[in-house]
Amino acid sequence: EAAVTQSPRNKVAVTGGKVTLSCNQTNNHNNMYWYRQDTGHGLRLIHYSYGAGSTEKGDIPDGYKASRPSQENFSLILELATPSQTSVYFCASGEPGQDTQYFGPGTRLLVL
Amino acid sequence: GDSVTQTEGPVTVSESESLIINCTYSATSIAYPNLFWYVRYPGEGLQLLLKVITAGQKGSSRGFEATYNKETTSFHLQKASVQESDSAVYYCALGRTGGNNKLTFGQGTVLSVIP
């Protein structure tokens, strides 16, 4: 039974539109992460959270916002989507003090 | 900053042949990083394959092995005899315990095993 799920799995958006990617975890982990992965690049950290109500900027936060309304849910928000945000997005969870992270299956986003 | 470089893919290997995927790292902010190999099978999320936190130690899982070499700053992934089911994307990563537990990933290596 998958402990980290993401929705939608695939999304096509228009330039300038708003996109929300959702992540849910049943691991009861405090930390959650959003990454993107592009061909030729490793996973790059966009935003992360230490717990409900907390969001922190990662390495590439520009153009993205995050929301952590509860322990289980962590959303990534693209207020004005651009074609450069076409990518595969991964959500992960982990425990403080433990660097092993547990990943969702990914969301493939295409911005036209 | 920290960085991880791994074998450019795609890598194609015949079943039962041996495999090595190279990984080297640069850890400017961490004296002794923890080193990981993650694997992503088609349609699934990344999952931890193996992890080593002590220099000189070897980790192993599912027939794969990797040794933490601090002198050469390497963490190469090896398997003596691959199977078709090993076809996946493999990611080398470094991290540290504490703080935000951030991981720095390599670009991933696509492995295709031909039956």
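Our structure's up above, just so we're on the same page.
Owing to the predicted nature of the structure, the values given are computational and were not obtained by experimental measurement.

What counts, and at which threshold
- Residues numbered from 1 in each chain as written.
- Chains lettered and ligands numbered in written order.
- Predicted model: local features only at pLDDT ≥ 70, side-chain atom pairs only at ≥ 80, totals over all residues.
- Heavy atoms only, no water.
- Helix = DSSP H or I, 4+ residues; strand = E, 2+ residues; numbered from the N terminus.
- Polar contact = N/O pair within 3.5 Å; in protein donor to acceptor, adjacent residues only side chain to side chain.
- Contact = heavy atoms within 4.5 Å.
- Salt bridge = Lys/Arg side-chain N within 4 Å of Asp/Glu carboxyl O.
- Buried < 20%, exposed > 50% of the residue type's maximum accessible area, 1.4 Å probe, protein only.
- Pairing = 2+ DSSP bridges.
- Axes fitted to C-alpha atoms, helices over the stretch in contact; angles between N-to-C directions.
- Core = buried A, V, L, I, M, F, W, Y, C linked by side-chain atoms within 4.5 Å.
- Disulfide = S-S within 2.5 Å.

Participant: Sorry, what's going on with the side chain of A:Gln25 here?
Facilitator: All names here are of chain A. Here Gln25 shows up in strand 3 (residues 19-25). Engagement of the side chain of Gln25 in a polar contact is seen with the backbone nitrogen of Asn27, the distance being 3.0 Å. Of note is the side chain of Gln25, whose polar atom sits 2.7 Å from the backbone oxygen of His29. Among residues more than four places away in sequence, those in contact with Gln25 are Ala3, Val4, Met32, Arg68, Gln71, Glu72 and Ser93.

Participant: So what exactly am I meant to see when it comes to the pattern of salt bridges here?
Facilitator: Close approach of charged atoms allows side chains with opposite charge to pair. Scanning the entire structure with this criterion turns up six salt bridges over all chains. Between A:Lys65 and A:Glu79 there is a salt bridge; the shortest N-O distance is 3.3 Å. Of this pair, A:Lys65 sits in strand 7 (residues 65-67) while A:Glu79 sits in the loop between strand 8 (73-78) and strand 9 (87-94), and the two are 14 residues apart along the sequence. Judged by relative accessible area, A:Lys65 falls into the partly exposed class, the value being 45%. Its salt-bridge partner being B:Glu65, residue B:Lys58 comes within 3.6 Å of it at the nearest N-O pair. Residue class for B:Glu65 comes out partly exposed when judged on its relative accessible area of 36%.

Participant: Any chance you could explain the sheet that holds strand 3 of chain A here in plain terms?
Facilitator: Whenever strands of a sheet pair, they do so through backbone hydrogen bonds, lying parallel or antiparallel. Residue and element names in this part refer to chain A. Spatially, four strands are ordered 1-3-8-7 in an open sheet, and the strand pairing comes out antiparallel. Either end of the sheet is taken by a strand with one partner, and the two such strands are strand 1 (4-7) and strand 7. With direction set aside, neighbouring strand axes in the sheet form an average angle of 20°. Inspection of the sheet shows strand 7 paired to strand 8 by three bridges, in the antiparallel sense. Its bridge partner lying in strand 8, Ala66 is registered against Leu76.

Participant: What exactly am I supposed to notice about the nonpolar core here?
Facilitator: It is characteristic of soluble globular proteins that their nonpolar side chains tend to be buried jointly. Residues and elements named next belong to chain B. By size, the foremost hydrophobic cluster in this structure holds 27 residues, and its most contacted members are Leu19, Trp37, Leu49, Leu50, Phe75, Leu77 and Tyr90. Residue assignment for this core shows that the elements contributing at least two residues are strand 2 (11-14), strand 3 (19-21), strand 4 (23-26), strand 5 (34-40), strand 6 (46-52), strand 8 (64-67), strand 10 (88-95) and strand 12 (109-114). The leading source of residues in this core is strand 10, at four residues.

Participant: Explain the side chain of A:His47 here, please?
Facilitator: Residue and element names in this part refer to chain A. Considering the arrangement of structural elements, one finds His47 in strand 5 (residues 44-49). By relative accessible area, His47 is classed as buried at 6%. Only 3.2 Å separates the side chain of His47 from the backbone oxygen of Glu56, close enough to count as a polar contact. Residue contacts for His47: discarding those within four places in its chain leaves Met32, Tyr33, Trp34, Glu56, Lys57, Gly58, Pro61, Tyr64, Lys65, Ala66, Phe74 and Leu76.

Participant: Which parts of the structure should I look at to understand the sheet that holds strand 3 of chain B?
Facilitator: Residues and elements named next belong to chain B. Pairing in this open sheet of four strands is antiparallel, and the strands run 3-9-8-7 from one edge to the other. Taken across any chain shown, the strands that pair with only one partner, and hence form the sheet edges, are strand 3 and strand 7 (58-61). Neighbour-to-neighbour, the strand axes of the sheet open up by a mean angle of 20°, direction not taken into account. One ladder, built from three bridges, connects strand 3 with strand 9 (residues 77-79); its direction is antiparallel. Looking at the pairing, Ile21 lines up with Leu77 of strand 9.

Participant: Please clarify how the state of the cysteines should be interpreted in this entry.
Facilitator: Note on terminology: a disulfide is the covalent bond linking the sulfur atoms of two cysteines. One pass over the structure, following the stated rule, counts two disulfides over all chains. A sulfur-sulfur distance of 1.9 Å marks the disulfide that ties A:Cys23 to A:Cys91. Across the disulfide from A:Cys23 to A:Cys91, rotation about the S-S bond amounts to roughly -80°, and the bridge is consequently left-handed. Here the residue A:Cys23 occupies a position in strand 3, and A:Cys91 occupies one in strand 9, the gap between them amounting to 68 residues. For the pair shown, A:Cys23 and A:Cys91 are each scored as buried. Shown here is the disulfide that connects B:Cys23 with B:Cys92, its sulfur atoms set 1.9 Å apart. With the S-S bond torsion at -70°, the cross-link from B:Cys23 to B:Cys92 turns out left-handed. Residue B:Cys23 is found in strand 4, and its partner B:Cys92 is found in strand 10; the two are separated by 69 residues along the sequence. Here the two residues B:Cys23 and B:Cys92 agree in accessibility, since each one is buried.

Any functional reading would require information beyond the geometric quantities listed.
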